[in-house]
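Examining the three-dimensional arrangement
Chain by chain, the residues:
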Amino acid sequence: MSDAVCLKHVEKGDYAYEEAIKTLRTNIQFCGSNLKTVMFTSSMPDEGKSEVVMALAVSLASIGKKVLLVDADIRKSVLITRHGVRGRINGLSQYLSGQKTMEEILYHTNIEGMDIVFAGPYSPNPAELLEENSFKELIRAAREDYDYLLIDTPPMAGLIDGAIVAGLCDGAVIVIESGAISRRLVQRVKAQLEKSGCRILGVVLNRMDTSRDRYYGKYGKYNSYKRDAYEQYYEKKKE
Ligand SMILES: Nc1ncnc2c1ncn2[C@@H]1O[C@H](COP(=O)(O)OP(=O)(O)O)[C@@H](O)[C@H]1O
Ligand SMILES: [Mg+2]
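Quick look at the structure, then. Everything quoted here is computed from the prediction, not taken from an experiment. (Residues numbered from 1 in each chain as written. Chains lettered and ligands numbered in written order. Predicted model: local features only at pLDDT ≥ 70, side-chain atom pairs only at ≥ 80, totals over all residues. Heavy atoms only, no water.)

This next bit is on the overall build of the protein. The secondary structure content of the protein amounts to 10 helices and 8 strands. Burial statistics for the protein: of 239 residues in total, 44% are counted as buried. The long-range fraction of contacts in the protein, counting pairs at least 24 apart against all pairs at least 6 apart in sequence, stands at 82%. Summing over all exposed atoms, the protein offers an accessible surface of approximately 13,400 Å²; the carbon and sulfur share of this is 49%. (Helix = DSSP H or I, 4+ residues; strand = E, 2+ residues; numbered from the N terminus. Buried < 20%, exposed > 50% of the residue type's maximum accessible area, 1.4 Å probe, protein only. Contact = heavy atoms within 4.5 Å. Areas by Shrake-Rupley, 256 points an atom, 1.4 Å probe, with all protein chains shown as cover.)

Around ligand 1 sit P45, D46, E47, G48, K49, S50, E51, R82 and R207, and those are all the residues in its vicinity. Between an oxygen atom of ligand 1 and a main-chain N or O atom of D46, the distance comes to 2.8 Å. Between ligand 1 and G48, the relevant distance is 2.9 Å, taken from an oxygen atom to a main-chain nitrogen or oxygen of the residue. Protein contacts shield 65% of the accessible area of ligand 1, which totals 560 Å² for the unbound molecule. For the shell around ligand 1, the element with the most residues is helix α2 (residues 49-62), which contributes 3 residues. (Near = heavy atom within 4 Å. Polar contact = N/O pair within 3.5 Å; in protein donor to acceptor, adjacent residues only side chain to side chain.)

This part takes up the sheet that holds strand β3 (residues 67-71). Paired through backbone hydrogen bonds, the strands of a sheet run either parallel or antiparallel to each other. Taken in spatial order, the 8 strands line up as β1-β4-β5-β3-β6-β2-β7-β8 in an open sheet, and their pairing is mixed. Strand pairing shows two members of the sheet lacking a second neighbour, β1 (2-5) and β8 (199-206), which therefore form its edges. The average angle at which neighbouring strand axes cross in this sheet is 25°, direction not considered. Summarising the sheet, β3 and strand β5 (residues 114-117) pair through 4 bridges and their orientation is parallel. Along β5, the bridge assignment pairs L69 with I116. Of the strands in this sheet, β2 (37-41), β3, β5, β6 (148-152), β7 (171-177) and β8 touch α2, which is tilted by about 165° from β6. Here helix α9 (residues 183-195) sits on the sheet in contact with β2, β7 and β8, set at roughly 170° to β7. (Pairing = 2+ DSSP bridges. Axes fitted to C-alpha atoms, helices over the stretch in contact; angles between N-to-C directions.)

What follows deals with the packing of aromatic side chains. When we look at a pair of aromatic rings, we describe it by the centre distance and by the angle of the planes. Scanning the model with the defined rule gives 1 aromatic pair in all. Its guanidinium or amino end placed over the ring of Y17, K12 lies 4.1 Å from that ring's centre, counting from NZ or CZ. One residue, K66, lies across the ring of Y146, its end atom 4.8 Å from the ring centre. (Phe/Tyr/Trp six-rings, centres within 6.5 Å; stacked < 30°, edge-to-face > 60°. Lys NZ or Arg CZ within 6 Å of the ring centre and 35° of its normal.)

So, about helix α1 (residues 15-29). The terminal C-alpha atoms of α1 lie 21 Å apart, and with 15 residues this matches the ideal 21 Å at 1.5 Å per residue to within 8%. For α1, the full list of buried residues reads Y17, I21, L24, R25 and I28. The buried residues of α1 occupy an angular sector of 100° when the element is viewed end-on, so they sit on one face. Away from its buried face by more than 90 degrees, α1 exposes Y15 and A16. Of the surrounding secondary structure, the elements contacted by the buried residues of α1 are β2, α2, β6, β7 and β8. You can read the cap of α1 off the contacts: a side-chain oxygen lies 3.1 Å from the backbone nitrogen of A16, and it is on D14. (Expected span 1.5 Å × (residues − 1). Arc of directions from axis to C-beta.)

Below, the structure is given as structure tokens:
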């Protein structure tokens, strides 16, 4: 195991977001103890995979789970810059191409219980690298040491990487940016995952505008309606 790295900006400080991540955490836990390796995918870039997978890893670690976050987005990794990680960091692409050992790419983090594998330098053949036996070996070894392996992947539209990773995972979560993605695209991702034999655990609807959401709107009204009714009832009883 390499030295610990410090991940910055992992807390969003957004109450609704944190609650949603807790719900996701609970749902993942309810999938049973056989579910260890979960990939996060989407049809297009920028739907929020990396953001959600990091928040979930931190959340699972906060309740005492041992978590390994693996960044398998060798094409466009954002974690090192986004979380202000300093120093010379070895990553997955170097391990898969035989330049580094498994121990050299595993890092403890400042978050207790959470370890991380960064993507490593860009490589011209990420899909081929992910097909290496050494990737299977990494997942197999990590399954012994961790409660959960969360795998961040590139988007699935036009790229095979996600389907390769899916074949090695117990389940997949599809992250969808609310209002931005067509049903047809999501169905294509679903079909690709099914072809890889990966169980689809569910969908995260990201960046939902709850202020315009009809359900919450109605619920709010219902609440105030009920409160009014109760108040009138008690006022009457007092009389
Ligand atoms: N912690 C963060 N710091 C800065 N920008 C962020 C952060 N989290 C999300 N974003 C923004 O959200 C966008 C999409 O999030 P990201 O998780 O990178 O999507 P994906 O992994 O699906 O490509 C990014 O392009 C960035 O603009
Ligand atoms: Mg990403």
